[in-house]
Amino acid sequence: MRKSLRVAGIATACAVAGAALYGTGAATADNSSARHTAEPHNIGLLVGEIDDYYGAHQDADGVWRSSPDSPYAKDLARIQAKAKKDIKKAAAHGAKNGRHGKKPAIVLDVDDTSLLSFDYEKSTNYTYNSGTWDAYVKAAKRPAVFGMPELVKYAKGKGVEVFFLTGLSEAQREGAVTNLAKAGYDTQLDTQHVFTKNKTAPPAYLSNCATPAKWECTTVQFKEGTRKHIESTGYDIVGSFGDQVSDLAGGYADKTYKLPNPTYFVE
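The sections below set out a description of the structure shown in this document. (Residues numbered from 1 in each chain as written. Predicted model: local features only at pLDDT ≥ 70, side-chain atom pairs only at ≥ 80, totals over all residues. Heavy atoms only, no water.)

## A look at the state of the cysteines
Taken as a whole and judged by the stated rule, the model has one disulfide. The residue that forms a disulfide with Cys209 is Cys217, at a sulfur-sulfur distance of 1.9 Å. Between Cys209 and Cys217, the disulfide has an S-S torsion of 80 degrees and is therefore right-handed. Exposure remark for Cys209: the relative accessible area of 5% places this residue in the buried category. (Disulfide = S-S within 2.5 Å. Buried < 20%, exposed > 50% of the residue type's maximum accessible area, 1.4 Å probe, protein only.)

## Remarks on the nonpolar core
Residues Ile106, Leu108, Met148, Phe164, Tyr185 and Phe241 are the most contacted members of the largest nonpolar core, which totals 42 residues. Among the elements that line this core, the one with the most residues is helix 3 (residues 71-94), at six residues. Not counting residues up to four positions away in its chain, the partners in contact with Leu108 are Ser114, Met148, Val152, Val162, Phe163, Phe164, Leu165 and Phe241. With 14 residues, the next largest nonpolar core counts Phe163, Leu165, Cys209 and Tyr235 among its residues. (Core = buried A, V, L, I, M, F, W, Y, C linked by side-chain atoms within 4.5 Å. Helix = DSSP H or I, 4+ residues; strand = E, 2+ residues; numbered from the N terminus. Contact = heavy atoms within 4.5 Å.)

## A look at the layout of surface pockets
Taken as a whole, the largest pocket encloses approximately 570 Å³ of empty space. Contributing to the lining of the largest pocket are 22 residues, with Arg2, Tyr128, Gly167, Leu168 and Lys197 lying nearest its centre. The set of elements that each furnish at least two residues to the lining of the largest pocket consists of helix 5 (130-139), strand 5 (161-169), helix 8 (219-232) and strand 9 (264-266). Here the lining of the largest pocket gets three residues from one element, more than from any other, and that element is strand 5. Of the residues that constitute the lining of the largest pocket, the class distribution is seven nonpolar, seven polar and eight charged. (1 Å grid on protein atoms, 1.4 Å probe; cavity = no way out; pocket = protein on both sides within 12 Å on 5 of 7 lines; lining within 4 Å. Points joined across faces, edges and corners; volume = space filled by probe spheres on them. Nonpolar A, V, L, I, M, F, W, Y, C, P; charged D, E, K, R; others polar.)

## Let's talk about the sheet that holds strand 8 (residues 256-258)
Read across the open sheet, the five strands follow the order 6-5-4-7-8; overall the sheet is parallel. Looking at strand neighbours, the two that pair on one side only are strand 6 (194-197) and strand 8, the edges of this open sheet. Strand-to-strand twist of the sheet, defined as the mean angle between neighbouring strand axes without regard to direction, takes the value 20 degrees. Where strand 7 (residues 235-242) meets strand 8, three bridges bridge the pair, whose relative direction is parallel. Pairing of Ser240 across the sheet is with Thr256, part of strand 8. Contacts between helix 6 (residues 148-157) and the sheet are confined to strand 4 (103-108), strand 5 and strand 7, with strand 4 contributing the most and set at about 170 degrees to the helix. (Pairing = 2+ DSSP bridges. Axes fitted to C-alpha atoms, helices over the stretch in contact; angles between N-to-C directions.)

## Examining empty space enclosed by the protein
Enumeration according to the criterion identifies one cavity of 30 Å³ or more in this entry. In this structure, the largest cavity spans a volume of roughly 30 Å³. What lines the largest cavity is Val107, Leu108, Asp109, Leu165, Lys223, Ser240, Phe241 and Asp247. Looking at the lining of the largest cavity, the elements that each hand over two or more residues are strand 4 and strand 7. When the residues that make up the lining of the largest cavity are grouped by side-chain class, the tally is four nonpolar, one polar and three charged.

## Topic: the side chain of Asn198
If you trace the backbone, Asn198 turns up in the loop between strand 6 and helix 8. Within the structure, the side chain of Asn198 is placed 3.2 Å from the side chain of Thr200, a separation counted as a polar contact. Of note is the side chain of Asn198, whose polar atom sits 3.0 Å from the backbone nitrogen of Ala201. Among residues more than four places away in sequence, those in contact with Asn198 are Glu170 and Trp215. (Polar contact = N/O pair within 3.5 Å; in protein donor to acceptor, adjacent residues only side chain to side chain.)

Written out as structure tokens, the structure reads:
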């Protein structure tokens, strides 16, 4: 489940307020001192901090952009430099046949790992809506996350296969694939390399949590199960990249790389 900054912030504030009220009532009942809680971070100030982190600015068309010299971009570069060293080492150790006789591979999430949706977050005031999000994805106009097409090119140059694993729906596949190509991802983008959520016809390898009648996979189950499937086809996932902890949890990757994203949270 995706939670926007605004929704998550309000939920936190309500939870704290509720706890404070409960504490006050309890103090009255048993004459104990009232509980004290810390005030949550002010949402207006937090949005300003996020703007500074991304180096937020609007181009001539009014589209919100992140600056290539922003703290966000610098954090990405640091993570990518480490990943490239790891990829080089893994590729060298695996040689042509890959580790344990398997070919090395990396797996990348799409939203805010491969493609940046900062313009959507700013334009909607960090409030997620399935309808506007669907239109945004299908417009296929998102820029690449800084440095990620270059990381993909580097991996492929070392003989490492590249897969994309996204929580986007099967109906959003075309928009995602078109956008990835436009954003500079020069790699295979067919159904064997780009995995989406197909809730009406889920693959057999997700049968523990999904059937055509009912999808019950959490984000972790979906991504873990898909990585397990990729490895079962003859690959060793040497690196898994995502902007959410739920992108990376569950195993079936030698190393994980958490990219920064302070704008929303996916369980």
